[in-house]
Amino acid sequence: MSGTVGLSTDLLSEGEKMDIRRFCGYPATGSREGNQESWRFFQVEGALEWRMNCLSGAELQQIRLYLEQLYPLENAITASSDNLDTARAAAWYHNGREIQDRVMLFNLWRRRLCVFLGVTGGLELQDGRAIVV
């Protein structure tokens, strides 16, 4: 049984596309007023846009599965700041690498999304220049 059962095969919403761009490490495309879409002028961004607009139903489900993994991982990085003021509490010891570990896991899933889409990750995912905390 696939993990994508029950996920929508509808075309990606603009919000989902924005999140995919963001997770793949690409900047915002800006306003589309005046019919000027900046991504058309860059090969990788253009390939990403084309793929997002031409995915099969099964591929759309897989993309949504990736998004379901990425949203909580991203939120967990932000939430881990709640523990920054605690070095020790009773028998509980804070993982001093919590944020780095969460960022590594988040970036692993971001890279998997890029590979599935067949695009090179943006600058922060290239050459080990991923977000470092």
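For the structure itself, consult the block above.
The paragraphs below set out a description of the structure included in this document. (Residues numbered from 1 in each chain as written. Predicted model: local features only at pLDDT ≥ 70, side-chain atom pairs only at ≥ 80, totals over all residues. Heavy atoms only, no water.)

Closest axis-to-axis distance for the helix H1 (residues 14-23)/helix H2 (residues 43-53) pair is 11 Å, and the angle between their directions is 140 degrees. Viewed along their axes, H1 and H2 adopt a mutual orientation that is oblique. Of the two elements, H1 crosses H2, and the hand of that crossing is right-handed. Between H1, through Lys17, Ile20 and Arg21, and H2, the contact on the second element is made entirely by Leu48, Glu49, Met52 and Asn53. Looking at the contact of H1 with H2 residue by residue, the class counts come to three nonpolar, one polar and three charged. (Axes fitted to C-alpha atoms, helices over the stretch in contact; angles between N-to-C directions. Helix = DSSP H or I, 4+ residues; strand = E, 2+ residues; numbered from the N terminus. Parallel < 35°, antiparallel > 145°, perpendicular 65-115°, else oblique. Left-handed = near helix turned anticlockwise from the far one by under 90°. Contact = heavy atoms within 4.5 Å. Nonpolar A, V, L, I, M, F, W, Y, C, P; charged D, E, K, R; others polar.)

Pairing is possible between side chains of opposite charge, provided their charged atoms come close. Using the criterion set out here, one finds eight salt bridges in the structure. One salt bridge connects glutamate 16 with arginine 64, and the closest N-O pair in it is separated by 2.8 Å. Linking glutamate 16 in helix H1 with arginine 64 in helix H3 (residues 57-79), this pair joins segments that are 48 residues apart in sequence. When the shortest N-O distance is used, the salt bridge between arginine 110 and glutamate 124 registers 2.4 Å. One end of the pair, arginine 110, is in helix H4 (residues 98-117); the other, glutamate 124, is in the segment after H4, with 14 residues separating them in the sequence. When its relative accessible area of 1% is taken as the criterion, arginine 110 is described as buried. Given the relative accessible area of 29%, glutamate 124 is considered partly exposed. Three or more residues are tied together by salt bridges with common partners; here these are Asp19, Arg22 and Glu74. (Salt bridge = Lys/Arg side-chain N within 4 Å of Asp/Glu carboxyl O. Buried < 20%, exposed > 50% of the residue type's maximum accessible area, 1.4 Å probe, protein only.)

Our focus in this paragraph is the side chain of aspartate 19. Residue placement: aspartate 19 occurs in helix H1. Reaching out from aspartate 19, the side chain makes a polar contact with the side chain of tyrosine 71 at a distance of 2.6 Å. Every residue in contact with aspartate 19, bar those within four places of it in the chain, is listed here: Leu67 and Tyr71. (Polar contact = N/O pair within 3.5 Å; in protein donor to acceptor, adjacent residues only side chain to side chain.)

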